[in-house]
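Chain by chain, the residues:
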Amino acid sequence: CDSTQPSGSGPAMTKQELLRYENDDFSWSTELEQNLKDVFQLSKFRPLQLKAINLSMSGKDLFLVMPTGRGKSLCYQLPAVCSEGFTLVVTPLVSLMEDQLMYLKSIDVEAVSLNASSSKEHAKMVLAELTDSKAPFKLLYVTPEKIAKSKLLMSRLEKAYNAGRLSRIAVDEVHCCSQWGHDFRPDYKLLGILKRQFPKVPLLGLTATATGSVLKDCQKILCVPEPITLTASFNRTNLYYEVRLKDSNSDDSVSDISALIKERYKDQSGIVYVFSQKDAETVSADLQKKGVNASPYHANMNPEDKSQVHRKWATNKIQVVVATVAFGMGIDKADVRFVIHHTISKSIENYYQESGRAGRDDKPADCIVYFGFNDIFRISTMVVMENVGQQKLLTMVDYCQNVDRCRRSVIAVHFDEVWDDEGCNEMCDVCRLPSFMLNVVQIVELAGSLDEKLTPLKVTEAWMGKGPAKRRKMIQTTTLSRLEVEAIITSLLLQGYLSEDFSFTPYTTYFYLKLGGKAPLLKNQSHSITMKMRRTGLDANTVSTTQQTVQESFRQEAFGCISRD
Ligand code: ADP
Ligand code: MG
Ligand code: ZN
C-alpha cells in the first residue's frame with residue numbers, strides 16, 4: 001500500500017452525484033433487471049442494493065454496510081452474472097462458502113471454490129479454469145488463507161487479470177480485516193495484495209457490523225484508496241429490545257425464560273444464547289425439565305449432532321436451540337420470534353448481530369438479554385487477551401445498565417448512526433414504560449367515572465387482570481410482575497399523576513388512589529411521562545434493602561422485570 005494515500009473520507013462524491021446511481025438508465029440496467037427476475041427469481045431490489053450494484057458496475061470501489069440478512073450477497077452475485085469473466089469472492093468460513101455454492105447451484109449460476117478442504121484434483125481443475133476463456137463459472141469463492149498462502153492461485157489470478165477475466169473482487173465480512181472489528185482474522189490482514197496486484201478491478205467490501213473507524217482501518221489494510229461507503233440503517237424496526245436484570249446470588253433466569261417460552265412464545269421458534277458449552281448443556285437440560293422442547297448447540301459437539309440440531313430447528317421439530325455463539329454464521333431462518341441472551345454478549349456489535357437473527361421475516365420479534373453482575377467478570381476474563389476486549393465489553397454493559405435512553409439510541413450511537421427517538425415507536429422497554437404508566441392512570445380514571453374507589457391493592461390487581469371480569473374487559477391489563485406494578489404505581493404517586501384519597505371511619509382510615517394534579521396533562525399528546533425502571537428478579541430480602549438505598553437517594557426507580565402483553 002502507498003501509505004501516503006489520503007485515507008478516510010472516500011472520494012468527493014456529493015449526495016447529488018450518488019443519487020444518480022439509484023437510476024435504471026445505465027447500459028446494463030435492462031440486463032440487471034432481467035437477471036434479477038429470471039435467474040435470482042426476485043421481484044425487486046431491496047434498499048441500497050441497486051445503488052451498490054450500479055456503483056460496482058461503474059467500476060467504483062465500495063464498502064457496503066448492511067445488517068445481516070438484508071441481501072448483501074446479491075450485490076456481487078448479480079453483477080457477476082452480468083459481467084464478462086468472473087468475480088473473486090473472499091469469504092471467511094467454509095460453511096458460508098458451501099451455503100452459497102449450494103444456493104447458486106440451485107439457481108443455475110456456475111460457481112467454484114477453493115478452500116482447505118478442496119481435493120488436489122479439484123484445486124487443479126479450478127486453477128486451470130481460471131485462465132480458460134471458455135470456462136463457464138461466474139464466481140470463484142476462496143478463503144483468505146488461499147490468497148495469503150497459495151502462490152499458484154495468485155499467479156493464475158494474475159494471468160486472468162491480464163486477460164481481462166477478473167471482473168470484480170468481493171470481500172465478504174470485510175470487518176475481519178481490522179483488529180478493531182469484533183471478529184479479527186489474521187489472514188484478512190494480507191488481502192491488501194489483491195488491490196496491489198489488480199488495481200483496475202473494482203473491490204466490494206461487505207459487512208453487517210463495522211463502525212467508521214473499523215472501515216477506515218479496512219480501507220488501509222485492503223489498499224483501496226477512496227472507496228465509497230454505503231450504509232444501511234441499523235434500525236430493525238420490528239425488533240423489540242428488552243433488558244432484564246439477573247440476580248447473581250439466586251439466579252432464577254432459567255425459570256423466567258421457560259415461563260416466557262411456554263407462554264409468550266408458545267409454538268414459536270427461538271434461540272437462547274449462553275456463555276459456555278457447559279451452560280448450553282445445563283440450561284438446555286433445565287429447560288427440558290420444565291417442559292420446553294430445547295436442544296443444546298456448541299462447538300464441541302460432533303458435526304453430525306450439530307447439523308442435526310440445526311436441521312430439526314430449521315424445520316420446527318425443535319422449538320429452541322440453547323447455543324453458544326458457535327450457532328451463528330450461516331443461520332438463515334426467517335421466522336425466529338425471540339432471541340434470548342441468558343448471558344450478555346461480549347460487545348454491543350456481537351449483541352446486535354446475535355439478536356438480529358430474530359425477525360428476519362420483518363414480523364415482530366423480541367430480543368431479551370439477562371444482565372447479571374457476575375457475568376460481566378466471567379466475560380471479562382474470557383476476552384482478556386483480545387485487543388480492546390474490555391472496552392467493547394463495557395459497551396454491552398452500558399446498553400444493559402442504561403435505564404433512561406432508548407435501547408435503539410444506544411445501538412445507533414454505537415454504529416455512528418444519527419438517531420431520532422421517534423424511530424423506536426415504543427419497541428424497547430425504556431420507551432414503552434410511559435404507555436404502561438398511562439394504563440394505570442386510565443384504570444383509576446375509569447374507576448372514578450364509575451364512582452368506585454380503588455385501594456392501591458385493587459388497582460394493582462385490576463391492572464394485573466385479577467379484578468372482576470366486567471372491569472377486565474374495559475382496561476388494558478399487564479403481564480408485569482407485582483413488584484414492577486407496585487413500583488410503577490409508586491412512581492405515579494411520586495410524580496403527582498396519582499394522589500391519595502383518604503376516607504375516614506370511626507375505626508380506621510382508608511387509603512384510596514385518585515387522579516393526581518398532573519393527570520390532566522396526560523390528555524396532551526405531547527406531554528411526556530418518564531420513570532427510571534430498574535429491572536430485577538430480586539427476592540423479598542434483597543428488595544427491601546435495595547429499596548432503602550433507593551429511598552435514601554430519592555430516586556424514582558422500580559424493581560422487577562418489564563415484560564409486555
Ligand atoms: P446478508 O449477506 O446481507 O446477510 P444474504 O445475501 O445472505 O444477506 O441474503 C439474505 C436473504 O435475503 C437471502 O435469502 C436472499 O435470497 C434474500 N434477498 C436478497 N435480496 C433480496 C431481494 N431483493 N428481495 C427478496 N429477498 C432478497
Ligand atoms: Mg452475507
Ligand atoms: Zn426505544
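Residues numbered from 1 in each chain as written. Chains lettered and ligands numbered in written order. Predicted model: local features only at pLDDT ≥ 70, side-chain atom pairs only at ≥ 80, totals over all residues.

As annotated in an unreviewed UniProt entry, the chain carries the name ATP-dependent DNA helicase and is attributed to Oncorhynchus tshawytscha. The chain has a UniProt comment under Sequence similarities (unreviewed entry) that states "Belongs to the helicase family. RecQ subfamily." Regarding the chain, the UniProt comment filed under Subcellular location (unreviewed entry) reads as follows: "Nucleus". (UniProt positions renumbered as here; feature names shortened; annotations may be inferred.)

**Here we look at the nonpolar core**
Counting residues in hydrophobic clusters, the biggest one holds 80 residues, and the most contacted among them are Val322 and Val440. At 10 residues, helix H18 (residues 429-449) tops the list of elements feeding residues into this core. Discounting residues that sit within four places of it in the chain, valine 440 has contacts with Val459, Trp463, Ile488, Ile489 and Leu492. Within the second largest apolar cluster, 64 residues are counted, among which are Val90, Val109, Tyr188 and Val214. (Core = buried A, V, L, I, M, F, W, Y, C linked by C-beta atoms within 7 Å. Buried ≥ 20, exposed ≤ 12 C-beta atoms within 10 Å, placed from the backbone. Helix = DSSP H or I, 4+ residues; strand = E, 2+ residues; numbered from the N terminus. Contact = placed C-beta atoms within 7 Å.)

**What about the pairing of strand S13 (residues 365-372)?**
In terms of burial, S13 is a largely internal element, 8 of the 8 residues being buried. What you see with S13 is no split at all: Ala365, Cys367, Val369 and Phe371 on one side and Asp366, Ile368, Tyr370 and Gly372 on the other are buried throughout. Inspection of the sheet shows strand S8 (residues 239-246) paired to S13 by 8 bridges, in the parallel sense. Of the residues in S13, the one forming a bridge with leucine 239 is alanine 365. (Pairing = 2+ DSSP bridges.)

**Remarks on the pairing of strand S14 (residues 498-504)**
Pairing geometry for S14 and strand S15 (residues 509-515), over 7 bridges, is antiparallel. By the bridge assignment for S15, aspartate 501 is matched with tyrosine 512. Following S14, the chain reverses through 4 residues before pairing antiparallel with S15.

**Brief notes about the sheet that holds strand S6 (residues 203-207)**
With parallel pairing, the 7 strands of this open sheet are ordered in space as S3-S4-S2-S5-S6-S1-S7. Only two strands of the sheet have a single partner each, and these edge strands are strand S3 (111-114) and strand S7 (228-231). Across the sheet, the axes of successive neighbouring strands diverge by a mean angle of 20°, strand direction being ignored. Both strand S2 (residues 86-90) and strand S5 (residues 166-171) contribute to a ladder of 5 bridges, which runs parallel. Within the sheet, the bridge partner assigned to threonine 87 lies in S5 and is arginine 168. Packing of helix H10 (residues 212-222) onto the sheet brings it into contact with strand S1 (62-65), S5, S6 and S7, and relative to S6 it is tilted by some 145°. (Axes fitted to C-alpha atoms, helices over the stretch in contact; angles between N-to-C directions.)

**What about the environment of isoleucine 228?**
Of note, isoleucine 228 is situated in strand S7. As a C-alpha pair, isoleucine 228 and leucine 62 span 166 residues in sequence and 4.8 Å in three-dimensional space.

**Topic: unusual backbone geometry**
If you check the backbone angles, aspartate 108 has positive phi at about 65° while not being a glycine. Judged by local crowding, aspartate 108 falls into the exposed class, with 7 C-beta atoms found within 10 Å. Look at glutamate 426: it is not a glycine, yet its phi comes out positive at around 55°. With respect to the helices, strands and loops of the structure, glutamate 426 is situated in the loop between helix H17 (407-414) and H18.

**Looking at the site of ligand 1**
As a matter of local geometry, ligand 1 sits amid Leu42, Phe45, Arg46, Gln49, Met66, Thr68, Gly69, Arg70, Gly71, Lys72, Ser73 and Leu74. Of the residues contributing to the shell around ligand 1, the split by class is 4 nonpolar, 5 polar and 3 charged. (Near = placed C-beta within 6 Å. Nonpolar A, V, L, I, M, F, W, Y, C, P; charged D, E, K, R; others polar.)

**Re the sheet that holds strand S9 (residues 269-273)**
Judged by pairing direction, the sheet is parallel, and its 6 strands sit side by side in the order S8-S13-S12-S9-S11-S10 without closing on themselves. A single partner strand is all that each edge strand has here, and the edge strands are S8 and strand S10 (294-297). Sheet twist, expressed as the average angle between the axes of neighbouring strands with direction ignored, equals 15°.

**Quick look at helix H3 (residues 49-57)**
With 9 of its 9 residues buried, H3 lies for the most part within the structure. Taken together, the buried positions of H3 are Gln49, Leu50, Lys51, Ala52, Ile53, Asn54, Leu55, Ser56 and Met57. Considering only its buried residues, H3 is in contact with helix H2 (29-38), S1, helix H4 (74-81), S5, S6 and S7. Positioned one or two residues after H3, glycine 59 has a phi angle of 90°, which is positive.

**Some points on the environment of tyrosine 399**
Relative to the elements of secondary structure, tyrosine 399 occurs in helix H16 (residues 389-401). On a C-alpha basis, the gap between tyrosine 399 and isoleucine 344 in space is 10.0 Å, while along the polypeptide they are 55 residues apart. Residues in contact with tyrosine 399, not counting those within four places in the same chain, are Ile348, Tyr351, Arg407 and Val410.

**Observations regarding the environment of arginine 360**
Here arginine 360 lies in the loop between helix H14 (348-355) and S13. With 24 residues separating them in the primary sequence, arginine 360 and valine 336 have C-alpha atoms 7.2 Å apart. Beyond its immediate stretch of four places on either side in the chain, arginine 360 contacts Gly69, Ala334 and Val336.

**A look at the confidence of the model for the chain**
With 92% of its residues at a pLDDT of 70 or more, the chain has an overall mean of 87. The low-confidence segment residues 3-9, where pLDDT is below 50, has 5 contacts with residues more than four positions distant or belonging to other chains. This model gives residues 537-565 a pLDDT under 50, and the stretch forms 60 contacts once residues within four places in sequence are excluded. Two numbers describe this predicted complex: its pTM, 0.68, and its ipTM, 0.98. (pLDDT = per-residue confidence, 0-100.)

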